[in-house]
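Okay, here's what each chain looks like letter by letter:
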Amino acid sequence: MKRLMIALIAAAPLCLAAQNKIATVDVQAVYNAMPEKLEAEAQLRNVSQQYKHEYETVQQEFNQKYADYQALDASTPSTIKERRMQEIQENDKKIQAFLKQANADLDKREQELNAPIKAKINAAIKAVGDELGYTYIIDSSKGSIVYTGTDAVDLTSNVKAKLGLK
C-alpha cells in the first residue's frame, strides 16, 4: 500500500504536466511586423543623424586645431606649443565624452521607444494565451528551444492577428 501511495505521489507532477498546454511564438517576427517599430527606427535615425552632424562639427574643430599646431614653426616658444597640445588633448577628451554620452542617449531612447511596443506585444501574447488556454508560451526567437515536436503549436500568427498585423 505504501509503495502504491509513493508511486501515485511521484506520478502526480507528470499528470499535471500533461495537462499544461505549451506553445511558441516568434516575438521577433511580431516585433518586425509592428508599424510602431518603423516609427521608432525613424526617430532613432533622426537623433542619430543629429549626433553624427554634431560629431562631424567637433571633429572638424579638432582637426583644425591639430593642423594649426603642426603649422607652428621652430621659432614658436615651447610654452605656446605645450598650451596648444593641451588644448588638443582636452578637445580629444571632450570628443570621447561626447561619443560616450551620445551612445548612452541613443541606447536610452531606443529602450524608451521600444518599451511600449514590447508591452503591447506581451499583452497580445497574454490575451492569446488566455483565450486559447495555454499554460506556457515560449519565445522561439530567443534561440533557447532545442527541439520543437510536430504537435507543437506556434501562436505567432494568432498574436499578429490580435495586434491587427498581417
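As the structure is a prediction and not an experimental result, all values here were calculated from the model.

Chemist: What is the right way to look at helix 3 (residues 35-71) in this model?
Modeler: Structurally, the α-helix is built with 3.6 residues per turn, so residues lying three or four positions apart point the same way. Between its first and last C-alpha, helix 3 extends 54 Å over 37 residues, near the 54 Å set by a 1.5 Å rise per residue. The set of residues buried in helix 3 consists of Lys-37, Ala-40, Leu-44, Val-47, Val-58 and Phe-62. Packing partners of the buried residues in helix 3 comprise helix 2 (27-33) and helix 4 (78-132).

Chemist: Help me understand the nonpolar core in this model?
Modeler: Nonpolar side chains tend toward joint burial in soluble globular proteins. Counting 17 residues, the largest nonpolar core has Val-30, Ile-121, Val-159 and Leu-163 as its most contacted members. Contributions of two or more residues to this core are made by strand 1 (22-25), helix 2 and helix 4. For this core, the element with the most residues is helix 4, which contributes 5 residues. Ignoring anything within four residues of it in the chain, the contact list for Leu-163 reads Val-30, Met-34, Lys-120, Ile-121 and Ala-124.

Chemist: For this particular structure, what's the right way to read the packing of aromatic side chains?
Modeler: Remark: the centre distance and the inter-plane angle together describe each pair of aromatic rings, the angle taken between the planes. By the definition in use, this model includes 1 aromatic pair. Its guanidinium or amino end placed over the ring of Tyr-134, Lys-21 lies 4.6 Å from that ring's centre, counting from NZ or CZ.

Chemist: Please clarify how the confidence of the model for the protein should be interpreted in this entry.
Modeler: Detailed reading of the predicted coordinates is not advisable wherever pLDDT falls low. Per-chain confidence: the protein averages 87 in pLDDT, with 85% of residues scoring 70 or above. Ranking the elements of the protein by mean pLDDT puts helix 1 (residues 2-19) last with 52 and helix 3 first with 95.

Chemist: Any chance you could explain the sheet that holds strand 1 here in plain terms?
Modeler: Across the sheet, which stays open at both edges, the 3 strands sit in the order 2-1-3 with parallel pairing between neighbours. Since the sheet does not close on itself, it has two edges, and those belong to strand 2 (136-139) and strand 3 (153-154), each with one partner. Pairing of strand 1 with strand 3, which is carried by 2 bridges, proceeds in the parallel orientation. Within the sheet, the bridge partner assigned to Thr-24 lies in strand 3 and is Asp-154.

Chemist: So what exactly am I meant to see when it comes to the pattern of salt bridges here?
Modeler: Side-chain pairs of opposite charge can arise where the charged atoms are in close proximity. Within this structure, the stated rule accounts for 7 salt bridges. As a salt-bridge pair, Lys-37 and Glu-41 come within 3.3 Å of each other at their nearest N and O atoms. Taken as a pair, Lys-37 and Glu-41 lie in helix 3 at a separation of 4 residues, close to a single helical turn. Residue classification places Glu-41 among the partly exposed positions, given a relative accessible area of 29%. For Arg-109, the salt bridge goes to Asp-105, with nearest N and O atoms at 3.3 Å. On the criterion of helical spacing, the pair formed by Arg-109 and Asp-105 is a turn pair, its members being 4 residues apart in helix 4. By relative accessible area, which is 37% here, Arg-109 ends up partly exposed.

Chemist: Please clarify how the side chain of Lys-160 should be interpreted in this entry.
Modeler: As for its position among the elements, Lys-160 is in helix 5 (residues 156-162). Buried charge without a partner: Lys-160 forms no salt bridge, and the closest opposite charge is Asp-26, 7.5 Å away. If near-sequence neighbours (up to four positions away) are discounted, Lys-160 is found in contact with Ala-29, Val-30, Ala-33, Leu-165 and Lys-166.

Chemist: Can you walk me through the pairing of strand 1 in this structure?
Modeler: Looking along a regular strand, one sees the side chains alternate between the two faces of the sheet. Here strand 1 pairs with strand 2 via 4 bridges, running parallel. In the strand pairing of strand 2, Ala-23 is matched with Ile-137.

Chemist: Looking at this structure, I do not really get the side chain of Asn-114. What am I missing?
Modeler: Counting through the fold element by element, Asn-114 comes out in helix 4. Looking at Asn-114, its side chain comes within polar contact range of the side chain of Tyr-31, at 2.7 Å. If near-sequence neighbours (up to four positions away) are discounted, Asn-114 is found in contact with Tyr-31 and Ala-40.

Chemist: What should I look at first to understand helix 4 in this one?
Modeler: An ideal rise of 1.5 Å per residue puts 81 Å on 55 residues; helix 4 measures up with 79 Å between its terminal C-alpha atoms. Positive backbone phi, approximately 75 degrees, marks Gly-133, located one or two places after helix 4.

Conventions and cut-offs
Along each chain, residue indices are assigned from 1 in the same order as the chain's sequence is written. Selection of residues for local features in this predicted model requires a pLDDT of at least 70, selection of side-chain atom pairs for listing and counting requires 80 or more, and totals for whole chains, interfaces and linings are taken over all residues. Excluding hydrogens and water, the side-chain figures rest on all heavy atoms present in the structure. Here a strand is any run of E in DSSP of at least two residues, a helix any run of H or I of at least four, and the numbering for each starts at the N terminus. Every helix has an expected span of 1.5 Å times one less than the residues it contains. The cut-offs for exposure are 20% and 50% of the maximum accessible area for each residue type, with area from a 1.4 Å probe on protein chains only; residues under the lower value are buried, those over the upper are exposed, and the others partly exposed. Contacts are assigned to residue pairs with any non-hydrogen atoms lying within 4.5 Å of each other. The term nonpolar core refers to a set of buried residues drawn from Ala, Val, Leu, Ile, Met, Phe, Trp, Tyr and Cys, joined through side-chain atoms within 4.5 Å. Centres within 6.5 Å are what make two rings of Phe, Tyr or Trp a pair, Trp counting through its six-membered ring; a difference in plane orientation under 30 degrees is then read as stacked, over 60 as edge-to-face, and the rest as tilted. Only lysine NZ and arginine CZ atoms are considered, and such an atom sits over a ring when it is within 6 Å of the ring centre and within 35 degrees of the ring normal. In predicted models, pLDDT denotes the confidence assigned by the predictor to each residue on a 0 to 100 scale. We treat two strands as partners when DSSP finds at least two bridges between them. Think of a salt bridge as a Lys or Arg side-chain nitrogen and an Asp or Glu carboxyl oxygen that are within 4 Å of each other. Under the convention used here, Asp and Glu are negative, Lys and Arg are positive, and both His and the chain ends fall outside the count. Distance and chemistry together define a polar contact, namely a pair of N or O atoms within 3.5 Å, with one atom able to donate a hydrogen and the other to accept it when in protein, and with adjacent residues in sequence counting only for side-chain atoms on both sides.

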